[in-house]
Structures are given as structure tokens and as C-alpha cells.
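Chain residues, written in single-letter form:
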Amino acid sequence: MPALKFNLPGTLTILAVVGLWEFAVRSGAVAFDYLPPPSAVFVAWGGLLLSGEMLMQTVHTLRAVLIGWVLASAIGIGLGLLLGFSAWARRYLLASLELLRPLPAVAFLPLALLLFNFSLTTELVLIVYASIWPVLINTMGGVMSVGTQLYDVGRTLRLSRARTLIKVILPAAAPAIVVGCRLSLGLTLVMAIIAEMLANPHGLGYAVVSELQAMQPQRMFAYVFFIGLLAIALNGALIGASRWFLRDHAVSSHE
Amino acid sequence: MNERWRFQIGRLTAGLPPARGLLPLLLALALWQAFGPRHSPYAPPPSAWWDSVRTMLQNGKLMPALASTLVTFALAMVIATIVGGALGLLIGRSRTARRALGPLLEFCRGLPPPVIVPVAVLLLGYAESLKLLVVAWVAIWPILLNTASAASLLDELMLDIARTFRLDRLTTLRKIILPAVVPDFLLGLRVAVPLGIIITLLVEMLTSLPGIGSLIVISQRQFRSADVYGLLVVVGLMGFVINSLFAMAEQLLLRRWPPRAQEMR
Amino acid sequence: MAGETTAAHDHVFECRGLGLELAHHGARRRIVDDITLDVRRGEFLTIVGASGTGKTSLLRLLGGLVPASHGTVSFLGKPVASPPEGVVVVFQDYSHALLQWRTVAANVRLGLEGVIGRAECDERVRQALAMVGLERCADDHPWQLSGGMQQRVQIARALALRPAVMLMDEPFGALDAMTKAALQDELLRVHAQTGTSFVFITHDIEEAVYLGDRVVVLGGPPGRIHKFLPIELPRPRDQIHTRQMPEFLRLRLDIHAAVLEAGRDQHDARA
């Protein structure tokens, strides 16, 4: 990874935006009733951290994200491998999947609510259903795009079918599978927040909505920015993890 | 004439998976219909879904909701396309702009879309414009970032060609820069379209502003499960139609560009 | 054209009327037709022909990677139905034939893992790498190496299996002239040291003469044997001296003429 050069213009821009915001609110130039200045947001943030409330909500969301992601990856990889290796499975399953895939997972939320009420189950069902797709598609695509050459190599070296699959084909498909899992994680966070806003009164999503309803704009904004930073941190961590996992593979230009 | 039609249809359907693949879905629906409890609050059979959709059509609940959702979505996409495309071009062509705005844009892009809704509600109140602005805001980012990236990677060679032919700025823009960024712009749009549908529904669900999303939530609160399932199918069809239209438009537009390697969504 | 045959126990491969048909857009096309050919033990056989003469398909038939449609191919007396033990194929596209995520040593080990014990495995890998001069690169990854070195890794991987025959599909086609020359000499050294038989496909006539004991000229499509030419040049061969010998130049001319003739016959047959 290239050394991170300190981005002076970028940092200055952000500081300028924050400064402008502070000034605009304090001086009354901007007339939004409920827009708090950044200083108030910062203070609220400190309070939430100290009281442990933000931590509690974060733990809930992260737990749901982790469980959902692991489940979605497991199912997605399993199905993806099946579809990737078996032309028969593709012939009899693909059209149904293609019809289901574009259905917005959000639309399933009321249904999940009907079936499972306000609970963690609802949240997990939504997360898993939505997050399966990137993993499935990328795994299937990854397996199918392994060139015939590698199969020939396995055969000319007289490797057993199992050995060929495990030692040659799967590692070759690994980069695509890892990308699928990475895309899935971002989606997991989004779906968790959606579920928490509508169907499970816990976690960061719920916190944002409840602060809105309690007319606490500083705390709401504190949560909003925290979620943004969390998303960036998660993505960064994941990019690092996938780089480590694929460290032996040739340097890939696709991220 | 028949030959040409068959060829065109063949081209359109070439990428589709074999129709046999619909069997599991049809089978599941058939079994559900045959063995599902008629008046179950949790799993009403497909015939009940159809009945409820018809009822909603007849008593004038469905069409206005559908119209509201579609109109908001379409308008928001137009705004996002124009603003995202224009800004993307401007930012992409300027190195300082890219460096200065980079972190800010990354933050905005990384911010999970659902979080925008409460912020917008706080600032704008429950107005119709809220829906439009939120969807437009969310849809702008993929378009803007993809266009900016393409604009920044423009082959210097092409710009040299423009200079050699002494083309003025407007012509350069029209004939050289725009065609070069169109494929990536469309890629951003391809991400933005399904995202736009999702966010439109989400806003409706969260704020109960009129639309299919709020219709589903209302049905869920009234425990009208057949309505919920039926509306789910309607949403699915809506999404399918929109995505197909977009895919066809994309095909038409990209006719003259060299084919790209198979993209995985 | 009748194939040349010698005493049966001297052969590693025997082909009689070998043919291959493949389905192509609905129609069946004959890729290779009526190949009657023997590969002698310890021989370096080179195959030349224009594109479309089915050279690669012939190699795949010998390697058991594709089943024959007509005729027979047998290895050490037994018919070839799947890749036989003792035969290894080396492919032209080395970057896609190697496992880029494994080290060089791990790549060379691939055919031996689980078949022989760890200690013997490591020893064979060491020997194979030494034979191609890559001992110092054992812990590198293929993508860190040049094209020539990657191809050597593939050769080492095949050598580690101590095969009776190595089948090579234009292995040096993607390399520059100097790397090619170095690898040619390396291959000849391996041939001399191990006594392995080689079937080597190339479209480079000079390479075919330089390396081979015998050259097969294919014509077509469909691929048919047009001519056999024995190479009676002294071994060990030398890039500078051998290539200047009058016999070398004569052979080069003969083969070139044969290739053109094969092309003309094909053209006439079509007309």
C-alpha cells in the first residue's frame, strides 16, 4: 500500500466546511430551526461516548452486522459454488434467482415484521436476505471464470478431482469471492441500520430515529457522523483484510 | 422482415438464463397455492395476493401510490444524472478539485443512505420535496464518482488530438470528452438506478409520505398479510420493468462503443 | 502417408489411424485425421505445421486430455483414455498454467503432494529446480518472475514427476529470442541427462531442427502427417555451430519446402 500522503487541500476543505457551518448557524445566517452547530454536535458526541450509550448501540449493530455477514457469506458461497460448478443447477435455478435478485430487500421488511415482529430475528432476516446476493453472484462468477487451462493442469498432473477443486480451482476463484464478501459487508451495515430504524428498536439506526423523535438534533447528528465514520472504518478494515488474505495472489488492480 | 425480428429478439434474449430455471419458483408458488391455509395471517396463498391487489386497484389505492413512487424516482434520477454528471465532469478534470474534495466526497459516499433520511426530515420537515431530495442525494454519488474517475483518467493522447486539430473547448467537450466518459457514467447510473428504487421505498416507509412503500407499511400495521405479499410482487415487477428498460437503453446507447468484458454486478 | 515404425518395445507412444472430431456450432469438424505415428523411447520428436493443422489437438490426444474419435493411441502398450501416468503436458501459456498464489517450490510440488512422502517430495523438488537453474527462486511467486523463468517453473513441475514423456505445446512461443535460445539449450541438457522422451510442438522451423531427432510435418486442416524427416545432426547441439552447419541449413530448407507443399496439397485438395 503506498504511503498515505497527507492530503492538505482535502483536510482544509473539510475544516472549511465545518467552520462555515459553525459560523452560519451561530450568526443566524442560515434559518434551519433544528440545525445545531458543529460544536454542539461535538459536545453531544462526547456525552454519548462517556455515558456508554453510544457504545451499547454500536455493539448491538456490530453484532447484528457480524452475524448477518457470516451467515450471508456462508450461504452465498455455498450456493455460489453449487451454481458455479454445476451447469445442471444453473439451468434449473438461475432464472428464478435472476427474478428474485432485483427485488429491493427493503420491500421485504414489512413482511419480515409481520412474520417475526419487532425483534433481532427480523433484523437478521433482512440483513441476510439482502447480503447474500453479492456473495452469490461473485462466487458463481469467480468459479465460472476460472480458465479451462487450470483444469487441464490438474488433469495432466493427475490430481484427483477433489484435489483439483481444493488446491487449484478454489484459490483461483478466491479473489472474486473475497470481493463479493467485501461488497456484502457494506450492504450488511446499511440493511442493519434500515432494520433498526423500522423493525428492531435497538442499535445505531434506532438511536438516530429516536433522537430525531426526542427533538435532540445534536445527539442525532453525533450518531449520524459516527455511523459515517464507522462505515469508512469497516470498509478500510475490510480492504486491508482482503489484501492480507489475497497476499499471495498477483497484485490485483480491482478493488 | 421476419428474419430481422427473430435476430433482434435473439439478441435481446441471448443473455437471459434458460426459462427452465423458473421451475423452482413456479413450483413453490403452486405448492403454496395448493396447500397453503386459505386465511393464514402469515402465509396466505398466491390467489389471495392477487385478490388483494385487484381490490387495491379497484378502490383507487394502488395507482396513486405507484404513480407517486415512480414520479419521485424518475425526477430524482433526472436530477441526479444531470447534477452528478456535470459535477463529476468538472471535478474529474481538475486535479486540485479532486484532491480538495476527495475526502469530503468519500465521506458522503460512505454514509449509509438510510441515515440521510432523519437528517433530511430534521432540516426540511415532512414535505413532498423531502422524498425527491433524499433520493436525488443518494443517487448522485455513484454517478458523480464514476464520471469523475473516468474524466480524470482521460487519455492525454485524446486531448492532444483535440489540440492538434485546434478544436475549441465546447467541441472538445462534445466530441472527445463526453463520449469517453459515457461508459463509466452509465456504469454509475447502473448502480444508481436500483439504489434509487430502494431509497424511494425506504423514504416512504420511514416517513409515511405517499407511495408504495408507505402502502406496504400501512398494510403491515393493519395485519393485512395478503396485501403485503401482493404489494411485494408489485414492487418486484416495478423493479424488474425499470431495470429492464434501463438495460435496454444502455444497450442502445453503448452500441457504438467497443464491448466491455462481462461485468459482474 | 505411412508412418515409420520400429521395434515395438522401443516405443512410448503408438498411434494408428488416430483422428479427432469436434462439434463446432452444430456441425462436426475433423481436426486431426489418420495419424499413424510412433514416438521412440528417449527420442526428441518435434512437430511443425501451419496454424489449423491440429498440432495442439494431437498433443492433447497424446496427453489423454481429449478422447480420440477414431483410431487408437497407446502409451507403453496401454490405450490412452485419460492422462496416463508417466506423461505430462507443458502448456504455452505459463502464467495461466502456474498457480500464481503458490511459491515456485509449492508449484513444482503440485503433482507430488499426497502421492509421495514429504521428505522425498522436497528432494525431488530441489532436484527439479536445480535442473532448470531456479534453486534460488524457490520461495518467490511466479508473478515476480520473468516469462522465461515462469516457463522453467512449469518445466520443473513436469520434471519433478520423473515422466517418461514430456509433451510440450509451443512452450517458447511467447518468449523473446535470447530467452528462447537459453531455454532450448536447457531443454536439450535435461533431455541428455534424464533420457526423457519429448514431443515438442513448434511453428519455428529452426527450433524444430535444432532440438529434434526427428521432425513431423503436419498438413491440413484437417491435420494429417505430411512427412517425417530424420535429423542427423551431432549432439550435443550448439546454438552457433550447429545452426551454421550445411546439414542444418539443408534440413531447414527441406522442412520449409515440406510445409509449403503440405499447404499446397491442402489447397489443391480443396479446389
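Owing to the predicted nature of the structure, the values given are computational and were not obtained by experimental measurement.

About the criteria used
Residues numbered from 1 in each chain as written. Chains lettered and ligands numbered in written order. Predicted model: local features only at pLDDT ≥ 70, side-chain atom pairs only at ≥ 80, totals over all residues. Helix = DSSP H or I, 4+ residues; strand = E, 2+ residues; numbered from the N terminus. Contact = placed C-beta atoms within 7 Å. Axes fitted to C-alpha atoms, helices over the stretch in contact; angles between N-to-C directions. Parallel < 35°, antiparallel > 145°, perpendicular 65-115°, else oblique. Nonpolar A, V, L, I, M, F, W, Y, C, P; charged D, E, K, R; others polar. Pairing = 2+ DSSP bridges. pLDDT = per-residue confidence, 0-100.

### Observations regarding the overall build of chain B
Working step 1: Counting its regular elements, chain B contains eleven helices and zero strands.
Working step 2: Taken from the N to the C terminus, the helices and strands of chain B come in the order α-α-α-α-α-α-α-α-α-α-α.
Working step 3: If you line up chain B on its principal axes, its C-alpha atoms span 75 × 60 × 30 Å.
Working step 4: When contacts within chain B are restricted to residue pairs at least 6 apart in sequence, those whose partners lie at least 24 apart make up 73%.

### Quick word on the packing of helix H3 (residues 53-85) of chain A against helix H9 (residues 203-213) of chain A
Residue and element names in this part refer to chain A.
Working step 1: Taken N-terminus to C-terminus, the directions of H3 and H9 make an angle of 135 degrees; their axes are 6 Å apart at the nearest point. The angle between H3 and H9 places the two elements in the oblique class. Taken together, the residues of H9 that come into contact with H3 (itself represented by Gln57, Thr58, His60, Thr61 and Ala64) are Gly203, Leu204 and Ala207.
Working step 2: Looking at the contact of H3 with H9 residue by residue, the classes come out as three nonpolar, five polar and no charged.

### Notes on the pairing of strand S2 (residues 27-40) of chain C
Residue and element names in this part refer to chain C.
Working step 1: As paired strands, strand S1 (residues 11-24) and S2 are joined by ten bridges and run antiparallel to one another. Within S2, the residue paired with Phe13 across the bridge is Val39.
Working step 2: A loop of two residues connects S1 with S2, the two strands running antiparallel in sequence, and His25 in this loop sits at a positive phi of about 55 degrees.

### Focus on the pairing of strand S4 (residues 70-75) of chain C
Residues and elements named next belong to chain C.
Working step 1: Direction of pairing for S1 relative to S4: antiparallel, over a ladder of five bridges. The partner of Gly19 across the bridge, within S4, is His70.
Working step 2: In this structure, S4 lies alongside strand S5 (residues 78-79), joined through two bridges in antiparallel fashion. What sits directly across from Ser74, in S5, is Pro79.

### Here we look at the confidence of the model for chain C
Working step 1: For chain C, per-residue confidence averages 90 on the pLDDT scale, and 94% of positions sit at 70 or higher.
Working step 2: The complex prediction reports pTM at 0.83, with the ipTM value standing at 0.86.

### A short note on the interface of chain B and chain A
Working step 1: In this assembly, 49 residues from chain B lie in contact with 48 residues from chain A.
Working step 2: When contributions to the side of chain B that touches chain A are tallied by element, the ones reaching two or more residues are helix H2 (23-35), helix H5 (95-110), helix H6 (116-124), helix H9 (169-207), helix H10 (212-221) and helix H11 (225-253) of chain B.
Working step 3: Of the residues forming the side of chain B that touches chain A, the biggest block, nine residues, is contributed by H5(B).
Working step 4: For the side of chain B that touches chain A, the residue count by class is 37 nonpolar, nine polar and three charged.

### What to know about the arrangement of the chains
Working step 1: In this assembly two pairs of chains touch, with chains A and B having more contacts than any other pair.
Working step 2: In this view chain B stays clear of chain C, with the nearest C-alpha atoms of the two still 15 Å from each other.

### Regarding the interface of chain C and chain A
You'll often see interface size given as the accessible area lost when the parts meet.
Working step 1: Listed as interface residues are 18 residues of chain C and, on the opposing side, 15 residues of chain A.
Working step 2: For the side of chain C that touches chain A, the elements supplying multiple residues, two or more each, are strand S6 (87-90) and helix H2 (94-97) of chain C.
Working step 3: For the side of chain C that touches chain A, the residue count by class is ten nonpolar, six polar and two charged.

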